[in-house]
Amino acid sequence: MTYVVYCVEDEEIARDLENYLSKHGFKVEIEGSLVVIHEKEIKKELESFIKDTNKIEYEVLRSDPQTFVLAKMLRPEKLNLQRCEFCGRIASEQELFVHKKTHGIGF
Ligand SMILES: [Zn+2]
C-alpha cells in the first residue's frame, strides 16, 4: 500500500514531514510538495507530526483512503483542489495543469 500526502505547494512542510517520517522508520519519497509513503498507514503519524513539531496551524484531511492533504487551516473548498481525471492525483489547478503534461496532455 502506498500513501500520498499532498502538502499544497508547501515544500518546506513536505521536507519536514519527510524527515520526521524517515526518523520514525518509514520509507518515504518526496516529489516537490508531494510526500509518498510506502507500506505503512500514516494517519496517526501525521497527527503526531503536527503535535511533535508544534505545527498547530496545520491540519490533516483525508481525501480518500490513500491520500491525505496537509495544509494550514484552510477549508477544502478554499484550496481549490482538483483531481486528475487520468490517475486520480489531487492538486491545485495550477499544479494539475503541469502534472497533466506527464500524461502527454497539454498545450
Ligand atoms: Zn494524472
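If you're wondering where the values come from, they're calculated on a predicted model, not measured in any experiment.

Student: Mind laying out the overall build of the chain, listing which residues take part and the relevant values?
Tutor: What the chain contains, in helices and strands, is four helices and seven strands. Each helix (α) and strand (β) of the chain, taken in turn from the N terminus, gives the series β-α-β-β-α-β-β-α-β-β-α. Projected onto the principal axes, the alpha-carbon positions of the chain cover approximately 45 × 30 × 25 Å. Out of the 107 residues belonging to the chain, those deemed buried represent 25%. Considering only intrachain contacts with a sequence separation of at least 6, the fraction spanning at least 24 residues in the chain is 41%.

Student: Report on the sheet that holds strand β4 (residues 58-64), specifying residues and quantitative values.
Tutor: Pairing in this open sheet of five strands is mixed, and the strands run β2-β3-β1-β5-β4 from one edge to the other. Every other strand in the sheet has two partners, leaving β2 (27-31) and β4 as the edge strands with one partner each. Adjacent strand axes in the sheet meet at a mean angle of 20° when their direction is disregarded. Taken together, the five bridges between strand β1 (residues 2-6) and strand β3 (residues 34-38) define a ladder with antiparallel strand orientation.

Student: Would you mind going over the nonpolar core in detail, with residue names and values included?
Tutor: Judged by nonpolar contacts, the single largest core of 24 residues is most densely connected at V5, Y6, C7, L17, V35 and L70. When contributions to this core are tallied by element, the ones reaching two or more residues are β1, α1 (11-23), β3, α2 (43-52), β5 (67-72) and β7 (90-92). Dropping the residues within four chain positions of it, C7 is found in contact with I13, A14, S33, V35 and L70.

Student: Could you give me a rundown of the pairing of β3, with the residues and numbers involved?
Tutor: Looking along a regular strand, one sees the side chains alternate between the two faces of the sheet. Inspection of the sheet shows β2 paired to β3 by five bridges, in the antiparallel sense. The residue bridging K27 from the neighbouring strand is H38, located in β3. Where β2 folds back onto β3 in an antiparallel hairpin, the turn is made up of two residues, including G32, whose phi is positive at roughly 65°.

Student: I'd like a rundown of the confidence of the model for the chain, residues and numbers included.
Tutor: Residues with a pLDDT of 70 or more make up 92% of the chain, whose mean pLDDT is 86. Confidence, read as mean pLDDT per element, is least for helix α3 (residues 76-79) in the chain (57) and greatest for α1 (95).

Student: Break down α2 for me, citing the residues and quoting the values.
Tutor: Along α2, the residues that are buried comprise E45, L46 and F49. Buried residues of α2 fall within an arc of 105° about the axis and therefore sit on the same side. Of the exposed residues in α2, those oriented more than 90 degrees away from the buried face are K43, K44, E47 and K51. On its buried side, α2 packs onto β1, α1, β4 and β5. Of the residues one or two after α2, N54 is the one with positive phi, at around 55°.

Conventions adopted
In every chain, residue numbers begin from 1 and rise along the written sequence. Side-chain atom pairs in this predicted model are given and counted only at pLDDT of 80 or more, local residue features only at pLDDT of at least 70, and totals for whole chains, interfaces and linings cover all residues. The helix count covers DSSP runs of H or I at least four residues long, the strand count covers runs of E at least two residues long, and both are numbered beginning at the N terminus. The exposure scheme places C-beta atoms from the backbone and then counts, for each residue, the other C-beta atoms within 10 Å of its own, assigning buried at 20 or more, exposed at 12 or fewer, and partly exposed in between. Residues are scored as being in contact if the C-beta atoms we place from backbone atoms lie within 7 Å. At least two bridges found by DSSP between two strands are what make those strands a pair. Axis geometry follows a simple rule: fit a line to the C-alpha atoms, using only the stretch in contact for helices, then measure angles between N-to-C directions, giving values from 0 to 180 degrees. What makes a nonpolar core is a set of buried Ala, Val, Leu, Ile, Met, Phe, Trp, Tyr and Cys residues, with links drawn between C-beta atoms within 7 Å. As a per-residue quantity, pLDDT reports the predictor's confidence and falls between 0 and 100. Think of the arc as the fan of directions from the helix axis to the C-beta atoms.

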